[in-house]
Every structure is written in C-alpha cells, then in structure tokens.
Amino acid sequence: MATTEKTRRQRKTRTGVVQSDKMTKTVSVLLTRRFAHPVYGKQITRSKLVKARNELDARAGDTVRIVETRPLAKTVRWRVAEILERAK
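Let me sum up the structure you'll find in this document. Just so it is clear, the structure is predicted and the values come from calculations on it, not from any experiment.

With respect to the overall build of the protein chain
Then, number 1: Helix and strand counts for the protein chain stand at zero helices and five strands.
Then, number 2: The linear arrangement of helices and strands in the protein chain, starting from the amino end, is β-β-β-β-β.
Then, number 3: What you see for the protein chain is a C-alpha radius of gyration of 16 Å, clearly larger than the 12 Å of a compact globule of 88 residues, by over 25%.
Then, number 4: With the C-alpha coordinates of the protein chain rotated into their principal frame, the extents come out at 50 × 40 × 25 Å.
Then, number 5: Expressed as a percentage of its 88 residues, the buried residues of the protein chain come to 24%.
Then, number 6: Here the analysis covers contacts within the protein chain between residues at least 6 apart in sequence; of these, 48% occur between residues at least 24 apart.
Then, number 7: If you sum the accessible surface of the protein chain, you get close to 7,100 Å²; carbon and sulfur atoms cover 48% of it.
Then, number 8: Taken together, the 23 basic and 8 acidic charged side chains of the protein chain have centroids lying 9 Å from each other.

What follows is the structure in structure tokens.
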C-alpha cells in the first residue's frame, strides 16, 4: 500500500426518539423500523432501545440522530450527533 492513510468505514447513523434522560451523561433512544413480512407482506414494526452518550443536552421526547461509536461504557455504544426536533 503506497499511502499511509488508513481508510475507515462510514459509521452507522440512526434516527430515534429519546425515551429517558434520567442518567447523568446518557439517554435511552427508541429506534423504530418498519418492514414487510417476508411471506404475507404485512407491515411490521420492530423497536429497539439503545443507550447513547448525550453531550448536546437532549431531553425526553426529542427526536435525535445518533452515530455509532466505540464502547464508552458497559452498555453505551452510540453518541447523540444532533437534535432534529425538540419535544413540544
């Protein structure tokens, strides 16, 4: 390899709603995805709750974009990248 630069993969980004901001530096974000059932075609909704590092002061109910990152704590693998919409 002639160049000394290392190439990094693009990090995963997801959009979700903050469910809980009770922790000190962490928020719980609900990620929801919709897909068609493989056989019947009916729309199915699946949700997952992930923990994200919160340095942008996101509150419960806010819609946020989170980015995959290295492990920051035992359960924290995501970071809040931006706040898309504040809770009303």
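Side note on the sheet that holds strand E5 (residues 76-85)
Then, number 1: Strand order around the closed barrel formed by five strands is E1-E2-E3-E5-E4, with mixed pairing between neighbours. On average, each strand axis in the sheet is inclined to that of its neighbour by 50°, with strand direction left out of account.
Then, number 2: Bridge count between strand E1 (residues 13-20) and strand E2 (residues 26-36): three bridges; the pairing is antiparallel. Across the sheet, the residue bridging to Ser 20 is Ser 28, located in E2.

With respect to the pairing of E5
Then, number 1: Relative to E5, strand E3 (residues 43-53) runs parallel, the two being bridged by three bridges. Among the inter-strand pairings, Lys 51 is bridged to a residue of E5, identified as Val 76.
Then, number 2: The pairing of strand E4 (residues 63-68) with E5 spans six bridges and is antiparallel. In the sheet register, Ile 66 faces E5, and the bridge partner there is Val 80.

Digging into the nonpolar core
Then, number 1: Counting residues in hydrophobic clusters, the biggest one holds eleven residues: Val 18, Val 27, Val 29, Leu 31, Val 50, Ala 52, Ala 58, Val 64, Ile 66, Trp 78 and Val 80.
Then, number 2: Looking at this core, the elements that each hand over two or more residues are E2, E3, E4 and E5.
Then, number 3: The biggest single contributor to this core is E2, with three residues.
Then, number 4: The contacts of Trp 78, once residues within four sequence positions are left out, are Lys 12, Arg 14, Val 50, Lys 51, Ala 52, Arg 53, Ile 66, Val 67, Glu 68, Thr 69 and Leu 72.

Some details on the environment of Phe 35
Then, number 1: Mapped onto the elements of the fold, Phe 35 is located in strand E2.
Then, number 2: On the basis of relative accessible area, Phe 35 is assigned to the partly exposed category, the value being 26%.
Then, number 3: Placed ten residues apart in sequence, Phe 35 and Thr 45 show a C-alpha to C-alpha distance of 6.8 Å.

The rules we used
- Residues numbered from 1 in each chain as written.
- Predicted model: local features only at pLDDT ≥ 70, side-chain atom pairs only at ≥ 80, totals over all residues.
- Heavy atoms only, no water.
- Helix = DSSP H or I, 4+ residues; strand = E, 2+ residues; numbered from the N terminus.
- Rg over C-alpha atoms; globule rule 2.2 N^0.38 Å.
- Buried < 20%, exposed > 50% of the residue type's maximum accessible area, 1.4 Å probe, protein only.
- Contact = heavy atoms within 4.5 Å.
- Areas by Shrake-Rupley, 256 points an atom, 1.4 Å probe, with all protein chains shown as cover.
- Lys, Arg positive; Asp, Glu negative; His and termini not counted.
- Charge placed at Lys NZ, Arg CZ, Asp CG, Glu CD.
- Pairing = 2+ DSSP bridges.
- Axes fitted to C-alpha atoms, helices over the stretch in contact; angles between N-to-C directions.
- Core = buried A, V, L, I, M, F, W, Y, C linked by side-chain atoms within 4.5 Å.

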